[in-house]
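# Close look at the chain arrangement
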Amino acid sequence: MRRSILFATVSLLVAAPVGAQLSDAELSSRIRAGDADDAPVGALLSAASAAGSMRDYAAADAYLERAWQQTGSMINGLIGNALTLELASGGGAVGAQRAFRDIRSTFNLSPVAIAAWAGNFPELLTTGEFDDMILRLSPDADDPEYRCACDNVRAWVHRLAGREEEAREIWAGFVRTQIEAVDAAPNRDAEAQIRGQYARNLARAGLEAEAREHLRISMETEVSEEALPAVRRRWAQAYAELGDAEAAVEHLEALLASNSPVSVHSLEARVTWNGIRDHPAFQALLDRHR
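Heads up: these notes are all about the structure in this document. Since we're looking at a predicted model, the values are computed, not measured.

## Examining the overall build of the protein chain
Counting its secondary structure elements, the protein chain contains 16 helices and 0 strands. With respect to the principal axes defined by its C-alpha atoms, the protein chain has extents near 70 × 45 × 40 Å. Taking all 290 residues of the protein chain together, the buried fraction comes to 45%. Here the contacts in the protein chain between residues at least 6 apart in sequence split such that 57% fall between residues at least 24 apart. Carbon and sulfur atoms form 50% of the exposed surface of the protein chain, whose accessible area is close to 15000 Å². Distance from the positive charge centre (29 side chains) to the negative charge centre (42 side chains) of the protein chain: 4 Å.

Shown next as structure tokens:
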């Protein structure tokens, strides 16, 4: 991910204020386009600019708010895909960290936002750069930018620093807050995915028997072909956390043999596989697909 790409993307989201003298009819036309329920970001920004030119600042603010709601998901998609691409294509943890620095030079991410991304991509934590900041996070922090339990990412900080006992303790508290999400899954695909993730986190907490039971239920759930790669990756992660390298490799083999986000490079780089990385079955899997 290169900074020039980021700046180019941001430029697409920014509409210049109306400079030329436009008729009321043209400005009103732009505003009507922004009123559509499915108005894209560009139309919303154009409507905001037109409303501002007509000095209807409340309307301009409303259009901007709708534009921000849309761009938030776009920016999240940009960041997530940039980090995934680095890890999958061979950039490794160093490439992901470089991409994240580029992203932060463009977008002002709060400590809670940084922690959220580091929780999903703990490879960002391997340098220790964010450790002090993340360990300051608390649900009752005085500073709202640090107000977050963020248990998952705090556990990762401890694990990567070699403090496995502290990490397990935090994950044990974390999983107690997750069971409601499992029970509230809207469909079978979501249930299998969430329960597989729950099993993985139970294993991280050292709760092996519970982890194996939820993993069994997840694997017995009927899953669509579209959802299967993501769900199967959760199963592999759960088995890796349980120390069952052969079972993890069985699922990873299927993912490498088909279209999926998993690649040899991501298996080499992602810290979720650290527990089985040196196992002969895992190394043989990498050798077969290099």
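## Some words on helix 13 (residues 228-241)
Taking 1.5 Å per residue as the helical rise, helix 13 with its 14 residues ought to reach 20 Å, and the 20 Å between its terminal C-alpha atoms agrees with that figure. Burial of helix 13 is extensive: 11 of the 14 residues sit out of reach of the surface. Considered for burial, the residues of helix 13 that qualify are Val-231, Arg-232, Arg-233, Arg-234, Trp-235, Ala-236, Gln-237, Ala-238, Tyr-239, Ala-240 and Glu-241. Of the surrounding elements, those touching the buried residues of helix 13 are helix 8 (151-160), helix 11 (188-204), helix 12 (208-220) and helix 14 (245-256). Positioned one or two residues after helix 13, Gly-243 has a phi angle of 80 degrees, which is positive.

## Focus: the side chain of Arg-204
Note that Arg-204 resides in helix 11. At 3.3 Å, the side chain of Arg-204 forms a polar contact with the side chain of Thr-272.

## A few points about empty space enclosed by the protein
Applying the stated criterion across every chain, the model contains 1 cavity of 30 Å³ or more. A volume near 30 Å³ is recorded for the largest cavity. If you go around the largest cavity, the residues you meet are Gln-97, Phe-100, Arg-101, Leu-124, Glu-129 and Phe-130.

## So, the layout of surface pockets
Considering only enclosed or pocket space, the largest pocket measures out at about 620 Å³ in volume. Residue lining of the largest pocket: 33 residues in total, with Asn-120, Arg-233, Arg-234, Gln-237 and Arg-270 positioned closest to the centre. Of all the elements in the fold, those that place two or more residues in the lining of the largest pocket are helix 4 (57-89), helix 6 (111-120), helix 8, helix 11, helix 13 and helix 15 (264-269). A class-by-class count of the residues in the lining of the largest pocket yields 15 nonpolar, 12 polar and 6 charged.

## Some words on the pattern of salt bridges
Going through the model one piece at a time under the given rule, you end up with 17 salt bridges. Among the ionic pairs, Asp-287 bridges to Arg-290, the shortest N-O distance being 2.4 Å. Classification of Arg-290 as exposed rests on a relative accessible area of 56%. A network of salt bridges, in which partner residues are shared, links Arg-159, Glu-164, Arg-168, Arg-204 and Glu-241.

## Some details on unusual backbone geometry
The phi angle at Arg-55 is positive, at roughly 65 degrees, despite the residue not being glycine. Tracing the sequence through the fold places Arg-55 in the loop between helix 3 (41-53) and helix 4. With a relative accessible area of 63%, Arg-55 lands in the exposed category. Phi at Cys-150 takes a positive value of approximately 45 degrees, unusual for a residue other than glycine. Since its relative accessible area comes to 15%, Cys-150 is described here as buried.

## A word on the packing of aromatic side chains
If you walk through the whole model with that rule in mind, you get 3 aromatic pairs. Here the aromatic rings of Phe-100 and Phe-130 are separated by 6.1 Å at their centres, their planes lie at 85 degrees, and the arrangement is edge-to-face. Residue Phe-100 is found in helix 5 (residues 92-106), and its partner Phe-130 is found in the loop between helix 6 and helix 7 (131-135); the two are separated by 30 residues along the sequence. Assessed through its relative accessible area of 2%, Phe-100 is described here as buried. You can call Phe-130 buried: its relative accessible area is 5%. The ring centre of Tyr-146 lies 4.0 Å from the NZ or CZ of Arg-136, which sits over that ring. The aromatic ring of Trp-156 is capped on one face by Arg-159, whose charged end is 5.3 Å from the ring centroid.

## Observations concerning a negative patch on the surface
On the surface, a cluster of negative charge is made up of Asp-140, Asp-142, Asp-143 and Glu-145. With respect to the helices and strands, Asp-140 occurs in the loop between helix 7 and helix 8. Residue Asp-140 is classed as exposed on the basis of its relative accessible area of 62%.

About the criteria used
Residues numbered from 1 in each chain as written. Predicted model: local features only at pLDDT ≥ 70, side-chain atom pairs only at ≥ 80, totals over all residues. Heavy atoms only, no water. Helix = DSSP H or I, 4+ residues; strand = E, 2+ residues; numbered from the N terminus. Buried < 20%, exposed > 50% of the residue type's maximum accessible area, 1.4 Å probe, protein only. Contact = heavy atoms within 4.5 Å. Areas by Shrake-Rupley, 256 points an atom, 1.4 Å probe, with all protein chains shown as cover. Lys, Arg positive; Asp, Glu negative; His and termini not counted. Charge placed at Lys NZ, Arg CZ, Asp CG, Glu CD. Expected span 1.5 Å × (residues − 1). Polar contact = N/O pair within 3.5 Å; in protein donor to acceptor, adjacent residues only side chain to side chain. 1 Å grid on protein atoms, 1.4 Å probe; cavity = no way out; pocket = protein on both sides within 12 Å on 5 of 7 lines; lining within 4 Å. Points joined across faces, edges and corners; volume = space filled by probe spheres on them. Nonpolar A, V, L, I, M, F, W, Y, C, P; charged D, E, K, R; others polar. Salt bridge = Lys/Arg side-chain N within 4 Å of Asp/Glu carboxyl O. Phe/Tyr/Trp six-rings, centres within 6.5 Å; stacked < 30°, edge-to-face > 60°. Lys NZ or Arg CZ within 6 Å of the ring centre and 35° of its normal. Patch = residues over 30% accessible without salt bridge, like charges linked within 9 Å, V, L, I, M, F, W, Y side chains within 5 Å.

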